[in-house]
Amino acid sequence: MSIQASENRGQWGSKFGFIMAAAGSAVGLGNIWRFPYITGQNGGGAFVFVYILCVLLVGLPLLYNETALGRLTGKNTVGAFKDTGANKFWQITAGFLALSVSFFVLTYYGVIAGWTIGYIISEFTDFIKDFETFRSNALYVIPFFALFMVITVYIVQAGVSGGIEKASKILMPVLFILIVLVIFRSITLPGAMEGVKYYLTPDFAKINGNTILAALGQAFFSLSIGWGIMITYGSYLPKSNNIISSGLWVGSMDTLVALLGGLMIFPAVFAFGKDPAGGTTLVFQVLPEIFNSMPTGGNIVGALFFLLLCIAALTSSISMIEVPASYLIDEKKWSRKKASWIIGILAFLIGIPSALSGGASSFFTNISLNFFGTTKTGFLDIMDALFGTLFIVIVCLMTALYVGWVLKPQKVSEEIGLGSPFYHKKLVFGLSPSQMWIFFIKFICPIVILLVLLATVGVIEADV
Ligand code: PFF
């Protein structure tokens, strides 16, 4: 399909543009906010090691799978399953569930992204005294959330090539430059080397079942797998594009930014004697203090840091709208403009309870859910546990099972290998990349995910 053939559906203008947009989706709050605090809670270097293994062994095969399924069918996340003959069961458990993951995560992802706008402004005006007071004030969090959503919709409604691709091509390189700047400041702080050591020296005694669970969940969240994103973005990909090399670029950029995210945070955390296992508030509570206590230029470094967090969130949130939008455009024949605005407004309205769950409404702040043995308190945390964790893993499992065992993986495998000269050459242990991918999608991915899922719901013991 050419750009002219469907103005609504669209196509990437260049390979670089696709890589930037897909990497833009993958690189987000997950890398800079979530990865460091989860690493801090799971023992530092050991977690980093397991995380990289999860990306390579499970993440990458699934990333290829989604992208190829999208390009093979040229459809949205539900249409891709329908078009390949999936019955209602697979359409719902893999397609619709992925679509709901993207939509419902957006409802609280936008809230967190809204906080970053508040922090950018506060670096110059100092209106945020502490994180909890800021988060509990509806008059701050709601307008910032709304502003972030308007910017997101504005980019998406401008289209695939003109909006998403154009924005990502500018924003992603800017992000890299800002990251390097903040790392430089962080590692030159006195005492920073302790943090570098903590972060990069694996202590294998710290690896247990829970570390693996956390790492796999983080890999799916970070690589944007299980959300229907890569299917949707793959559907805009011309046949001439080499999926293998694009996927490698996206996977390595995402992992690189996560690793750099840790390198920004941990040296500073140690230099200022903070607790690396501080949890979800690590970035929002600890870093502003660190910026404040810098002798000079702290507010500039701080504003830059939150600006980059906001940019990373923006290139991710545009992809979250794109998943349901492409479904409505393809299947319900809505215009791109109408689809993006309606989804954006709905996501904002449904996100209000999450925005109020930081203290502004005691009902939404105290509501709790028993989540397989651990209690999640607050609307935002409940949404994250359900949509941002559990359902993603289920979608990944169902997609791997569908492609591996129902659709038969050869078709998707051929799509992955299009244009790649060595895809069918025997490279390692007498196996070709094509054979290896099929083995991974049929066996390794579903088995690992199933074990993780069973461990999460408590059917099997998580400790190994
Ligand atoms: N990968 C993003 C992150 O790490 O923040 C989260 C995400 C964004 C996942 C967009 C999926 C998605 F469609």
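Scroll up for the structure.
Remember, it's a predicted structure, so these values are computed and weren't measured experimentally.

Let us look at the overall build of the protein chain. Along the backbone of the protein chain there are 19 helices and 2 strands. Relative to a compact globule of 464 residues, whose C-alpha radius of gyration would be 23 Å, the protein chain shows 21 Å and is just as compact. Taken over the C-alpha atoms alone, the protein chain extends approximately 60 × 50 × 40 Å along its principal axes. Out of the 464 residues belonging to the protein chain, those deemed buried represent 60%. In the protein chain, once contacts between residues fewer than 6 apart in sequence are set aside, the share between residues at least 24 apart is 79%. Entry remark: accessible area of the protein chain is about 17600 Å², with carbon and sulfur atoms responsible for 69%. Measuring between centres, the 27 positive side-chain charges of the protein chain sit 11 Å from its 22 negative side-chain charges.

The next point concerns the layout of surface pockets. Volume-wise, the largest pocket comes out at about 1100 Å³. As for the largest pocket, its lining consists of 45 residues, of which Arg34, Tyr37, Lys376, Asp384 and Thr389 are closest to the centre. Of all the secondary structure elements, the ones that give two or more residues to the lining of the largest pocket are α2 (29-41), α5 (88-125), α6 (131-135), α10 (209-223), β2 (374-377), α17 (379-406) and α19 (433-456). Across the lining of the largest pocket, the residue classes break down as 22 nonpolar, 18 polar and 5 charged. Its boundaries defined by the atoms lining it, the second largest pocket holds a volume of some 360 Å³. Lining the second largest pocket are 15 residues, and of these Leu60, Tyr64, Pro433, Met436 and Trp437 sit closest to its centre. Listed by contribution, the elements that provide at least two residues to the lining of the second largest pocket are α3 (45-73), α12 (243-271) and α19. No other element matches α3, which puts 5 residues into the lining of the second largest pocket. The residue inventory of the lining of the second largest pocket, partitioned by class, reads 15 nonpolar, no polar and no charged.

What counts, and where the lines are drawn
- Residues numbered from 1 in each chain as written.
- Predicted model: local features only at pLDDT ≥ 70, side-chain atom pairs only at ≥ 80, totals over all residues.
- Heavy atoms only, no water.
- Helix = DSSP H or I, 4+ residues; strand = E, 2+ residues; numbered from the N terminus.
- Rg over C-alpha atoms; globule rule 2.2 N^0.38 Å.
- Buried < 20%, exposed > 50% of the residue type's maximum accessible area, 1.4 Å probe, protein only.
- Contact = heavy atoms within 4.5 Å.
- Areas by Shrake-Rupley, 256 points an atom, 1.4 Å probe, with all protein chains shown as cover.
- Lys, Arg positive; Asp, Glu negative; His and termini not counted.
- Charge placed at Lys NZ, Arg CZ, Asp CG, Glu CD.
- 1 Å grid on protein atoms, 1.4 Å probe; cavity = no way out; pocket = protein on both sides within 12 Å on 5 of 7 lines; lining within 4 Å.
- Points joined across faces, edges and corners; volume = space filled by probe spheres on them.
- Nonpolar A, V, L, I, M, F, W, Y, C, P; charged D, E, K, R; others polar.

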